[in-house]
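The lines below spell out each chain.
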Amino acid sequence: MRRYLIAGNWKMNTTRQSGVALASELAAAAAKEEAGVEVLACPPYPYLLPVGEKLAGSAVRLGAQDAYFEAPGAFTGEIAVEMVKDCGCQYVILGHSERRHVMGETDATINRKVRAVISGGLTAVLCVGELLSERQAGQTEAVLDRQMDGGYSGISESEAASIVIAYEPVWAIGTGVTATPEQAESAHEHLRKWLARRYNAAFSEKVRILYGGSVKADNAESLLGQPNVDGALVGGASLKAATFVPIIEAARKLAAGG
Ligand code: PGA
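Conventions used here
- Residues numbered from 1 in each chain as written.
- Predicted model: local features only at pLDDT ≥ 70, side-chain atom pairs only at ≥ 80, totals over all residues.
- Heavy atoms only, no water.
- Helix = DSSP H or I, 4+ residues; strand = E, 2+ residues; numbered from the N terminus.
- Rg over C-alpha atoms; globule rule 2.2 N^0.38 Å.
- Buried < 20%, exposed > 50% of the residue type's maximum accessible area, 1.4 Å probe, protein only.
- Contact = heavy atoms within 4.5 Å.
- 1 Å grid on protein atoms, 1.4 Å probe; cavity = no way out; pocket = protein on both sides within 12 Å on 5 of 7 lines; lining within 4 Å.
- Points joined across faces, edges and corners; volume = space filled by probe spheres on them.
- Nonpolar A, V, L, I, M, F, W, Y, C, P; charged D, E, K, R; others polar.
- Near = heavy atom within 4 Å.
- Polar contact = N/O pair within 3.5 Å; in protein donor to acceptor, adjacent residues only side chain to side chain.
- Areas by Shrake-Rupley, 256 points an atom, 1.4 Å probe, with all protein chains shown as cover.
- Sits in = over half its atoms within 2 Å of the grid points.
- Phe/Tyr/Trp six-rings, centres within 6.5 Å; stacked < 30°, edge-to-face > 60°.

Colleague: Even after reading the chapter, I still don't get the overall build of the protein chain, so can you show me in this structure?
Modeller: In terms of helices and strands, the protein chain carries 12 helices and eight strands. For a compact globule of 258 residues, the expected C-alpha radius of gyration is about 18 Å, and the protein chain comes in at 17 Å, within 12% of that figure. In terms of overall dimensions, the protein chain has C-alpha extents of about 50 × 45 × 35 Å along its principal axes. Counting every position in the protein chain, which comprises 258 residues, the buried fraction comes to 54%. Summarising the internal contacts of the protein chain: among those between residues at least 6 apart in sequence, 73% fall at separations of at least 24.

So this is what it looks like as structure tokens:
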């Protein structure tokens, strides 16, 4: 069975103080390694170190929300993979819809970042997902295929083992509108089939595919209970322990057999 990954994407939120306070609550809520559930917190860059210090000794992993593909050098304002690694990150979120649609990142840029993260020894959380207009036009699967073709370009099976996918329909992010468990499952199944075609069926079964988009305590169990949903990438509800920990608990319950 695939181990659930419950990831908090704090986006451009928290202060040093509130981020550190949240980290201590998370460290207490996920103090020990668990076979069925892994927990990840992705704070803004300036808080990676103090948040990482609070998480040290707990089972909560640290992740960054992006990283640049070049080695350290003259790239004003950018952050290198080895820098986030140096701060204790094990994961890097890449291709988030806000990076794609607000910052204008292309599949080609995202692919370079994915390759840099993997060669730096970290795990990429590669986000894919369609806009509302694309869903309404019946293009969801074509959009996912294009983003997967782009994101995985030039990546071997052994490298692809360091990628977790996050399916995040853009219309469900921060809107309070969640994909139904059936819509999520259908997209996840499509992504797994893509992996089976690109690599092989055995490999595709090992890859974790997270769902993201208005995940909350009250919808977590039905989403995580779908056969191809292996975790959640949580934005808004990850900013408070009171709303994030119940999502971890939903995964624990399912991992323990429902
Ligand atoms: P949300 O964000 O949970 O606030 O919808 C999810 C994400 O963008 O990763």
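There's plenty left to go through after this.
Colleague: I'm lost on empty space enclosed by the protein in this one. Help?
Modeller: Any empty space left between the atoms is revealed when a probe the size of a water molecule rolls over them. Counting across every chain of the model gives one cavity of 30 Å³ or more. Space inside the largest cavity adds up to approximately 40 Å³. Lining the largest cavity we find Gly95, His96, Ser97, Arg100, His101, Cys127, Val128, Gly129, Gln147, Glu168 and Val170. Looking at the lining of the largest cavity, the elements with two or more residues in it are helix H4 (97-101) and strand E5 (123-128). With three residues, the single largest contributor to the lining of the largest cavity is H4. Split into classes, the residues belonging to the lining of the largest cavity amount to three nonpolar, six polar and two charged.

Colleague: Would you mind going over the site of the ligand with me for this structure?
Modeller: The local shell around the ligand holds 13 residues, among which Lys11, His96, Glu168, Gly174 and Ser214 are the closest. Contact between the ligand and Ser214: an oxygen atom at 2.7 Å from a main-chain N or O atom of the residue. Interatomic distance of 2.8 Å between a backbone N/O atom of Gly235 and an oxygen atom of the ligand. A total of 280 Å² of accessible area belongs to the ligand in isolation, and the protein chains cover 97% of it. Structurally, the ligand is housed in the second largest pocket. Here the residues of the shell around the ligand are counted per class, giving four nonpolar, seven polar and two charged.

Colleague: What is the right way to look at the packing of aromatic side chains in this model?
Modeller: The geometry of an aromatic ring pair comes down to the distance between the two centres and the angle between the two planes. Counted by the stated rule, this structure contains six aromatic pairs. Centre to centre, the rings of Tyr167 and Tyr211 are 6.3 Å apart; their planes meet at 55°, and the pair counts as tilted. With Tyr167 in strand E6 (residues 163-167) and Tyr211 in strand E7 (residues 209-212), the pair connects residues that are 44 residues apart, well separated along the chain. A relative accessible area of 0% places Tyr167 in the buried class. A network of ring pairs unites the aromatic residues Tyr152, Trp194, Tyr199 and Phe203 as a single cluster.

Colleague: What am I meant to see in the environment of Ala255 here?
Modeller: Mapped onto the secondary structure, Ala255 falls in helix H12 (residues 241-255). Its relative accessible area of 27% is what places Ala255 among the partly exposed residues. Beyond its immediate sequence surroundings of up to four residues, Ala255 is in contact with Met1, Tyr4, Gly36 and Val37.

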